[in-house]
Amino acid sequence: MDEQLIDQKHTLTHHALGTRIVLTVYGDSSAAVLQPSMDLIDGYEDRLTVNRDQSELMDVNHAAGIKPVVISPTSYELVKMAVKYSREDFGFNALIGPLVKLWKIGFKGANVPDDADIQEHLKLIDPWQVKLDDRARTVYLEQAGMELDLGGIAKGYIADRIKDFWVQQGVSAGIINLGGNLLFVGPSPRRSDGQWVIGVQDPQLHRGENMEVVRQAACSAVTSGIYERFLIKDGHRYHHLIDPRTGYPLDTDLSSVTVFTDQSVMGEIEAKRLFFNGQPIPGWLDRPGNRGAVFIHNDESVENVGIY
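Predicted model only: the values in this text are computed from it and were never measured.

Structural notes on the overall build of the protein chain
Right, on to step 1. What the protein chain contains, in helices and strands, is eight helices and 15 strands.
Right, on to step 2. For 308 residues, the compact-globule estimate of 2.2 N^0.38 gives 19 Å, and the protein chain sits close to it at 20 Å.
Right, on to step 3. In terms of principal-axis extent, the alpha carbons of the protein chain reach across some 60 × 50 × 40 Å.
Right, on to step 4. When each of the 308 residues of the protein chain is scored for burial, the buried share is 51%.
Right, on to step 5. The contacts in the protein chain between residues at least 6 apart in sequence include a share of 58% that link residues at least 24 apart.
Right, on to step 6. Surface accessibility of the protein chain: about 14500 Å² in total, with carbon and sulfur atoms responsible for 48%.

Structural data, given as structure tokens:
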């Protein structure tokens, strides 16, 4: 345990990416990275947001069915990654926006759409209708009404870029918290073994009340779950995680899956892969960068993979 570093804890809080951002560094010499890190986050949001009428991503969406759009190198890298994993068809789909807007779960006007409307909107979420040109760095959505939304992957990507910046600046230890997406940098100054203590939230309780506590060396922790936004109609509970393979909320007995990975962006992907699968995947731990996972079922039973 490094008592001196613990005493030199510096935290900056900010609202961006639709959530509460908390950046923490240990060491007085590292405090100077906090504001530039927030500025970097704001810059990524300016380029990637779909919650404003103007951004690089909205330029792509506005041009759907009309023309390809040139975007910046970092935005193109993230779009290309999102499209790649969307095409694997395991549940993650960066084109899901039209269906999410049809259901509106968690927002004003939430409803259960007609099946005919759902089937029509399914035609707008085909990731194979995204044309990427690496040389020109352009993105083209082939049908009018298609939308790219990187909300399911962007926080992880941005967290990784902030970590890169911190490592370049010599930060010895810190925590990047993008609305519950956690990325730990360096060894924890609070424990002699350098491991970080990470709580896995009980989905049935208030935020901050943990069902499981995991100890890991510096890693990312990302959760996918269905417990925060839902619609109840005619006695049926519809959660907000729409299955792009069916157009309906995913039928699952899982409440959440938390994954521990080397990279935060892969945590985003792997949390969704496991959540949509509904159970552990044989060989998942053998994939480079995957550390472990905690499955919490609706009956509050817990299943651990690689966590002891």
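Remarks on a negative patch on the surface
Right, on to step 1. Side chains of Asp251, Asp253, Asp299 and Glu300 sit close together on the surface and give a patch of like negative charge.
Right, on to step 2. As for its position among the elements, Glu300 is in the loop between β14 (290-297) and β15 (302-305).
Right, on to step 3. You can call Glu300 partly exposed: its relative accessible area is 34%.

A few points about the sheet that holds strand β4 (residues 130-133)
Right, on to step 1. Strand order in the open sheet formed by three strands is β3-β5-β4, with antiparallel pairing between adjacent strands. Either end of the sheet is taken by a strand with one partner, and the two such strands are β3 (69-70) and β4.
Right, on to step 2. Bridge count between β3 and strand β5 (residues 138-141): two bridges; the pairing is antiparallel. Bridge pairing links Val70 to Thr138 in β5.
Right, on to step 3. Running over the sheet, helix α4 (residues 73-86) touches β4 and β5 and is turned about 135° from β4.

As for the nonpolar core
Right, on to step 1. If you look at the biggest cluster of nonpolar residues, it comprises 60 residues, and the most contacted ones within it are Ile41, Leu148, Leu150, Ile153, Trp166 and Ile176.
Right, on to step 2. Here Leu150 is in contact with Leu48, Leu57, Leu78, Val79, Ala82 and Ala94, once residues within four sequence places are set aside.

Concerning the sheet that holds strand β6 (residues 174-178)
Right, on to step 1. Spatial strand order, β1-β2-β6-β7-β10-β13-β14-β15: eight strands in an open sheet with antiparallel pairing. Every interior strand has two partners, whereas the edge strands, β1 (9-16) and β15, have only one. On average, each strand axis in the sheet is tilted by 10° relative to the strand beside it, whichever way the strands run.
Right, on to step 2. In terms of strand pairing, strand β13 (residues 254-261) meets β14 through seven bridges, oriented antiparallel. Bridging across to β14, Leu254 finds its partner in His297.
Right, on to step 3. Sheet contacts for helix α2 (residues 34-48): β1, β2 (19-26) and β6; angle to β1, the most-contacted strand, approximately 20°.

Thoughts on the packing of aromatic side chains
Right, on to step 1. Tallied over the entire structure, the rule returns six aromatic pairs.
Right, on to step 2. When the centroid spacing of 6.1 Å and the interplanar angle of 90° are considered together, the rings of Tyr44 and Tyr157 count as edge-to-face. A residue pair is termed long-range when its members are at least 10 positions apart, and Tyr44 in helix α2 and Tyr157 in helix α7 (residues 154-168) qualify at 113 residues. Like Tyr44, the residue Tyr157 is buried in the burial classification.
Right, on to step 3. Measuring from ring centre to ring centre gives 6.5 Å for Phe275 and Phe276, while their planes differ by 80°; the resulting arrangement is edge-to-face.

Considerations on α2
Right, on to step 1. Look at α2: 21 Å from first C-alpha to last across 15 residues, which is about the 21 Å you get at 1.5 Å a residue.
Right, on to step 2. Every buried residue of α2 is accounted for by Leu34, Ser37, Met38, Ile41, Gly43, Tyr44, Glu45 and Leu48.
Right, on to step 3. Elements that come into contact with the buried residues of α2 comprise β1, β2, α3 (56-62), α4, α7 and β6.

Overview of the pairing of β5
Right, on to step 1. In this structure, β4 lies alongside β5, joined through four bridges in antiparallel fashion. For Asp133, the partnering residue across the bridge sits in β5 and is Thr138.
Right, on to step 2. From the end of β4 to the start of β5, which pair antiparallel, there are four residues, and Arg137 there has a positive phi angle of about 60°.

Definitions and limits used
Residues numbered from 1 in each chain as written. Predicted model: local features only at pLDDT ≥ 70, side-chain atom pairs only at ≥ 80, totals over all residues. Heavy atoms only, no water. Helix = DSSP H or I, 4+ residues; strand = E, 2+ residues; numbered from the N terminus. Rg over C-alpha atoms; globule rule 2.2 N^0.38 Å. Buried < 20%, exposed > 50% of the residue type's maximum accessible area, 1.4 Å probe, protein only. Contact = heavy atoms within 4.5 Å. Areas by Shrake-Rupley, 256 points an atom, 1.4 Å probe, with all protein chains shown as cover. Patch = residues over 30% accessible without salt bridge, like charges linked within 9 Å, V, L, I, M, F, W, Y side chains within 5 Å. Salt bridge = Lys/Arg side-chain N within 4 Å of Asp/Glu carboxyl O. Lys, Arg positive; Asp, Glu negative; His and termini not counted. Charge placed at Lys NZ, Arg CZ, Asp CG, Glu CD. Pairing = 2+ DSSP bridges. Axes fitted to C-alpha atoms, helices over the stretch in contact; angles between N-to-C directions. Core = buried A, V, L, I, M, F, W, Y, C linked by side-chain atoms within 4.5 Å. Phe/Tyr/Trp six-rings, centres within 6.5 Å; stacked < 30°, edge-to-face > 60°. Expected span 1.5 Å × (residues − 1).

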